[in-house]
Amino acid sequence: LSDINCDIITLNVTGRAALEYNINTVTPDGIDGELFQSATLKARTLQIEMLISAKDNATLRKKYEQLNKMFSKREIVSIRFSDEIDRVYYGIYTASDNPKEDSNEQIFNIDILCTDPFKYSDVQTISYSSSAILSILSDFPVKPYIEVEYSGVGTTLDIINTKTKKGIKLVDLNPSVEKIYKIDVLENRITKSNLDTNALTNLNITSDWEEFDIKTGDQVSFIPTPSKITIKYRGVFL
């Protein structure tokens, strides 16, 4: 939003370092202290300190209009910082302090709530061979997008993580016609053929759909062996 008439500069960001946890405990009768049950991450709040410096009051007012328009989105948006350009946060603007209006140069803070406390890398792509050892750029297991190309007479496709023993099984296939299968575990979507026809009905009930993920050191076996396998994912970090 900066131009020759106004500078808008990020001065400081807080909330990207340590996180907080929700700790659930119970206090049974006759026991000192409490018993631990579970721990979950709290939402992440980013506070951004900004400087706005305009040549005159009219310019300042127009810049506030632009900022308010940008903050008016009623949806989660992606957020990047120039000193951490390889990571993406997802959040929504919630509030700002009310800066004094006695100057055309002001410092104020905005708050962004990241309901998902994790941050992510850009999409990473692997040209994969069945059962090869995976190297995943992520601190945590990821739910992959898997694209498989093959033709043949078999009517099933098994995708098995041999380390975790979790698998995905597609049945009632017609690979000589469909030829391509796109399995998006994160987005809960399966399609087939170049027409991207819905193929969730081909997912066998025995599949570990919600538990299927990959990490460094895992090996994923494909039966039958496809002619081409592409795996895509986004690294997960704190």
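Owing to the predicted nature of the structure, the values given are computational and were not obtained by experimental measurement.

Draft legend 1. Fine view of the overall build of the chain. Along the chain, the regular secondary structure elements total two helices and 16 strands. Its C-alpha atoms give the chain a radius of gyration of 24 Å, more than 25% over the compact-globule value 18 Å for 238 residues. Taking the principal axes of its C-alpha atoms as reference, the chain extends roughly 75 × 65 × 30 Å. By residue count, 35% of the 238 residues in the chain fall in the buried class. Put simply, 67% of the contacts in the chain that link residues at least 6 apart link residues at least 24 apart. A total accessible area of about 14,000 Å² is found for the chain, and carbon and sulfur atoms account for 50% of it. Side chains of the chain carry 27 positive and 34 negative charges; the gap between the two charge centres is 6 Å.

Draft legend 2. Looking closely at the pattern of salt bridges. Across all of its chains, the model carries 13 salt bridges by this definition. Here Asp-3 makes a salt bridge to Lys-63, at a shortest N to O gap of 2.8 Å. One end of the pair, Asp-3, is in the segment before strand 1 (6–14); the other, Lys-63, is in helix 1 (residues 57–71), with 60 residues separating them in the sequence. Several salt bridges share partner residues, and in doing so they unite Arg-16, Asp-83, Glu-84 and Lys-119 into one network.

Draft legend 3. Summary view of the packing of aromatic side chains. Considering all chains together, one arrives at seven aromatic pairs under this definition. Ring geometry for Tyr-64 and Phe-108: centres 5.8 Å apart, planes at 55°, overall tilted. Residue Tyr-64 is located in helix 1, and its partner Phe-108 is located in strand 7 (residues 105–114); the two are separated by 44 residues in the primary sequence. For the pair shown, Tyr-64 and Phe-108 are each scored as buried. Their ring planes at 65° and their centres at 6.0 Å tell us that Tyr-90 and Tyr-120 sit as a pair that is edge-to-face. Taken together, the residues span a long stretch of sequence, with Tyr-90 in strand 6 (residues 89–96) and Tyr-120 in strand 8 (residues 119–128) at a distance of 30 residues. The lysine or arginine in question, Arg-16, covers the ring of Phe-81, its NZ or CZ lying 4.7 Å from the ring centre.

Draft legend 4. Local environment of helix 1. An ideal rise of 1.5 Å per residue puts 21 Å on 15 residues; helix 1 measures up with 21 Å between its terminal C-alpha atoms. Buried within helix 1 are the following residues: Thr-59, Leu-60, Lys-63, Tyr-64, Leu-67 and Phe-71. In a view along the axis of helix 1, the buried residues occupy a sector of 140°, so they form one face of it. Projecting away from the buried face of helix 1 at angles above 90 degrees are the exposed residues Lys-62, Glu-65 and Lys-69. In this structure, the buried residues of helix 1 make contact with strand 1, strand 4 (44–54), strand 6 and strand 7. Of the residues that open helix 1, the one with a side-chain oxygen 3.3 Å from the backbone nitrogen of Ala-58 is Asp-56.

Draft legend 5. Local environment of a nonpolar patch on the surface. The grouping of Ile-9, Leu-11 and Ile-107 at the surface amounts to a nonpolar patch, some 260 Å² of accessible area in total. The topology assignment puts Ile-9 in strand 1. Overall, the relative accessible area of 39% leaves Ile-9 in the partly exposed class.

Draft legend 6. A look at the sheet that holds strand 11 (residues 166–170). Sheet architecture is open: three strands sit in the order 11-10-15, paired in antiparallel fashion. Of all strands in the sheet, those bounded by a partner on one side alone are strand 11 and strand 15 (220–223). Across this sheet, the average inter-strand angle for adjacent strands is 10°, counted without regard to direction.

Draft legend 7. Representation of the nonpolar core in the model. Judged by nonpolar contacts, the single largest core of 28 residues is most densely connected at Ile-146, Ile-159 and Ile-183. No other element matches strand 16 (residues 228–237), which puts four residues into this core. Once residues lying within four places of it in the same chain are set aside, the contact partners of Ile-183 are Pro-144, Tyr-145, Ile-146, Ile-159, Ile-168, Leu-170, Arg-189, Ile-190 and Trp-209. Among the nonpolar cores identified, the runner-up in size contains 19 residues, and Val-13, Ile-48, Phe-108 and Ile-110 belong to it.

Draft legend 8. Molecular detail of the pairing of strand 13 (residues 189–192). Sheet analysis places strand 12 (residues 180–184) next to strand 13, joined by four bridges and oriented antiparallel. The residue of strand 13 that forms the bridge with Asp-184 is Arg-189. Counting the residues that bridge the hairpin from strand 12 to strand 13 gives four residues, and of these Asn-188 lies at a positive phi of roughly 60°. When strand 13 meets strand 14 (residues 197–198), the two strands line up antiparallel, connected through two bridges. Looking at the pairing, Lys-192 lines up with Thr-197 of strand 14. The hairpin turn running from strand 13 into strand 14, its antiparallel successor, is four residues long, and Ser-193 in that turn takes a positive phi close to 70°.

Reading guide: rules and limits
Residues numbered from 1 in each chain as written. Predicted model: local features only at pLDDT ≥ 70, side-chain atom pairs only at ≥ 80, totals over all residues. Heavy atoms only, no water. Helix = DSSP H or I, 4+ residues; strand = E, 2+ residues; numbered from the N terminus. Rg over C-alpha atoms; globule rule 2.2 N^0.38 Å. Buried < 20%, exposed > 50% of the residue type's maximum accessible area, 1.4 Å probe, protein only. Contact = heavy atoms within 4.5 Å. Areas by Shrake-Rupley, 256 points an atom, 1.4 Å probe, with all protein chains shown as cover. Lys, Arg positive; Asp, Glu negative; His and termini not counted. Charge placed at Lys NZ, Arg CZ, Asp CG, Glu CD. Salt bridge = Lys/Arg side-chain N within 4 Å of Asp/Glu carboxyl O. Phe/Tyr/Trp six-rings, centres within 6.5 Å; stacked < 30°, edge-to-face > 60°. Lys NZ or Arg CZ within 6 Å of the ring centre and 35° of its normal. Expected span 1.5 Å × (residues − 1). Arc of directions from axis to C-beta. Polar contact = N/O pair within 3.5 Å; in protein donor to acceptor, adjacent residues only side chain to side chain. Patch = residues over 30% accessible without salt bridge, like charges linked within 9 Å, V, L, I, M, F, W, Y side chains within 5 Å. Pairing = 2+ DSSP bridges. Axes fitted to C-alpha atoms, helices over the stretch in contact; angles between N-to-C directions. Core = buried A, V, L, I, M, F, W, Y, C linked by side-chain atoms within 4.5 Å.

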